[in-house]
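Structural overview
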Amino acid sequence: MIEVRAFESSDARKVVSWIDDFEALIMWSGNSGFTWPFEAGQLADFHASDPGRRLHVATDPDGTPVGHFMLRTDPSGRSVRLGMVVVSPAARGQGYGEAMVEAALGRAFADPAVEGVDLGVYSRNTGAMRLYERFGFRRERTEPKATLVAGEWWPSITMSLRRDAWGATERLRRGRPEA
Ligand SMILES: CC(C)(COP(=O)(O)OP(=O)(O)OC[C@H]1O[C@@H](n2cnc3c(N)ncnc32)[C@H](O)[C@@H]1OP(=O)(O)O)[C@@H](O)C(=O)NCCC(=O)NCCS
């Protein structure tokens, strides 16, 4: 359904066009430091400034970009952070997000040293949380004052997925619960 490839600077304009307003920017990128108006140069600089940020673009079968995510391995090499997950507004609700998270986890766990994947999600983002829970992510802890947006604190939740839990949901998803 989707192909995943490394982000290139020329993708920045497209990805930026999927972020409609400041609240959407925060919802997507948390405390990454982006500012509104969000411009392609910010994302290209973010990408170029740290090779540890492995940005990816998901494309549909005709090569049109439909989504974006980032993987970042922590210094221990045992944990990967999944972040900056977004599907283009026009493509939402058609399974791209699920396919993209599946591809992201496949990439993260392809490294046998990786024991778990974690992510941060704002508590108001219930749709995204449901999507992550479907893969076996569990809520670990809440930060009540994660980000101040228009005078209101947005709580964030750290979710994590251990390799064994991922393996179990993968087998279920592939219809091989006994494998
Ligand atoms: C979250 C997001 C990536 C999901 O992408 P998507 O392509 O719409 O997701 P899918 O079509 O694969 O849906 C998979 C499941 O996700 C859940 N879901 C995702 N977004 C949802 C929403 N806005 N409302 C309700 N459920 C949602 C549902 O459980 C859905 O299952 P269903 O098919 O039974 O309805 C997309 O809504 C998005 O880009 N949101 C803005 C950016 C963002 O919030 N990113 C997450 C940061 S942590």
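Residues numbered from 1 in each chain as written. Predicted model: local features only at pLDDT ≥ 70, side-chain atom pairs only at ≥ 80, totals over all residues. Heavy atoms only, no water.

Let us now look at the packing of helix α4 (residues 96–109) against helix α5 (residues 126–134). Close contact between α4 and α5 brings their axes to 10 Å; oriented N to C, the two are set at 50°. Our classification of the angle between α4 and α5 gives oblique. You can see that α4 and α5 cross each other, and the crossing is right-handed. Of the residues in α5, those touching α4 at Gly-97, Glu-98 and Val-101 are Leu-131, Tyr-132 and Arg-134. In the contact of α4 with α5, the residues fall into three nonpolar, one polar and two charged. (Axes fitted to C-alpha atoms, helices over the stretch in contact; angles between N-to-C directions. Helix = DSSP H or I, 4+ residues; strand = E, 2+ residues; numbered from the N terminus. Parallel < 35°, antiparallel > 145°, perpendicular 65-115°, else oblique. Left-handed = near helix turned anticlockwise from the far one by under 90°. Contact = heavy atoms within 4.5 Å. Nonpolar A, V, L, I, M, F, W, Y, C, P; charged D, E, K, R; others polar.)

Not every one of the 19 residues close to the ligand is listed here, only the nearest: Val-85, Gly-95, Glu-98, Asn-125 and Arg-130. At 2.8 Å from a nitrogen atom of the ligand is found a side-chain nitrogen or oxygen belonging to Arg-130. If the ligand stood free it would expose 890 Å²; the protein chains cover 71% of that surface. Residue contributions to the shell around the ligand peak at five residues, all from α5. Its residues assigned to classes, the shell around the ligand comprises eight nonpolar, seven polar and four charged. (Near = heavy atom within 4 Å. Polar contact = N/O pair within 3.5 Å; in protein donor to acceptor, adjacent residues only side chain to side chain. Areas by Shrake-Rupley, 256 points an atom, 1.4 Å probe, with all protein chains shown as cover.)

Moving on: the packing of aromatic side chains. The final tally for this structure, using the stated rule, is seven aromatic pairs. Here the aromatic rings of Trp-28 and Phe-34 are separated by 6.1 Å at their centres, their planes lie at 10°, and the arrangement is stacked. Exposure remark for Phe-34: the relative accessible area of 9% places this residue in the buried category. Pairwise contacts between aromatic rings join Trp-28, Phe-34, Phe-38 and Phe-46 into one cluster. Lying across the ring of Phe-46, Arg-53 places its NZ or CZ 3.8 Å from the centre. (Phe/Tyr/Trp six-rings, centres within 6.5 Å; stacked < 30°, edge-to-face > 60°. Buried < 20%, exposed > 50% of the residue type's maximum accessible area, 1.4 Å probe, protein only. Lys NZ or Arg CZ within 6 Å of the ring centre and 35° of its normal.)

Our focus in this paragraph is α5. Among all positions in α5, only Ala-128, Met-129, Leu-131 and Tyr-132 are buried. The buried side chains of α5 occupy one side of the element, clustering within an arc of 160° when seen end-on. Pointing more than 90 degrees away from the buried face of α5 are the exposed residues Arg-130 and Arg-134. On its buried face, α5 is in contact with β4 (79–87), α4, β5 (116–122), β6 (138–149) and β7 (152–162). Following α5 by one or two positions, Gly-136 has its phi on the positive side, about 100°. (Arc of directions from axis to C-beta.)

With that settled, the discussion passes to the nonpolar core. The biggest cluster of nonpolar side chains holds 33 residues, and the ones touching the most others in it are Ile-2, Leu-105 and Phe-137. Among the elements of the structure, β3 (65–73), β4, α4, β5, α5 and β7 are those that each provide at least two residues to this core. With nine residues, the top contributor of residues to this core is α4. Excluding residues that lie within four positions of it along the chain, Leu-105 makes contacts with Val-117, Phe-135, Phe-137, Leu-161 and Trp-166. (Core = buried A, V, L, I, M, F, W, Y, C linked by side-chain atoms within 4.5 Å.)

Here the focus is the pairing of β6. The pairing of β6 with β7 spans eight bridges and is antiparallel. Residue pairing in the sheet places Glu-143 in a bridge with Ser-156 of β7. Between β6 and β7, which pair antiparallel one after the other, the connecting turn spans two residues, and Ala-150 there sits at a positive phi close to 50°. (Pairing = 2+ DSSP bridges.)

Attention shifts here to the side chain of Thr-169. One can find Thr-169 in helix α6 (residues 163–173). At 3.0 Å, the side chain of Thr-169 and the backbone oxygen of Phe-135 are in polar contact.

Take the pairing of β7 next. For β5 and β7, the ladder comprises seven bridges, and the chain directions are antiparallel. Bridged to Leu-119 within β7 is Met-159.

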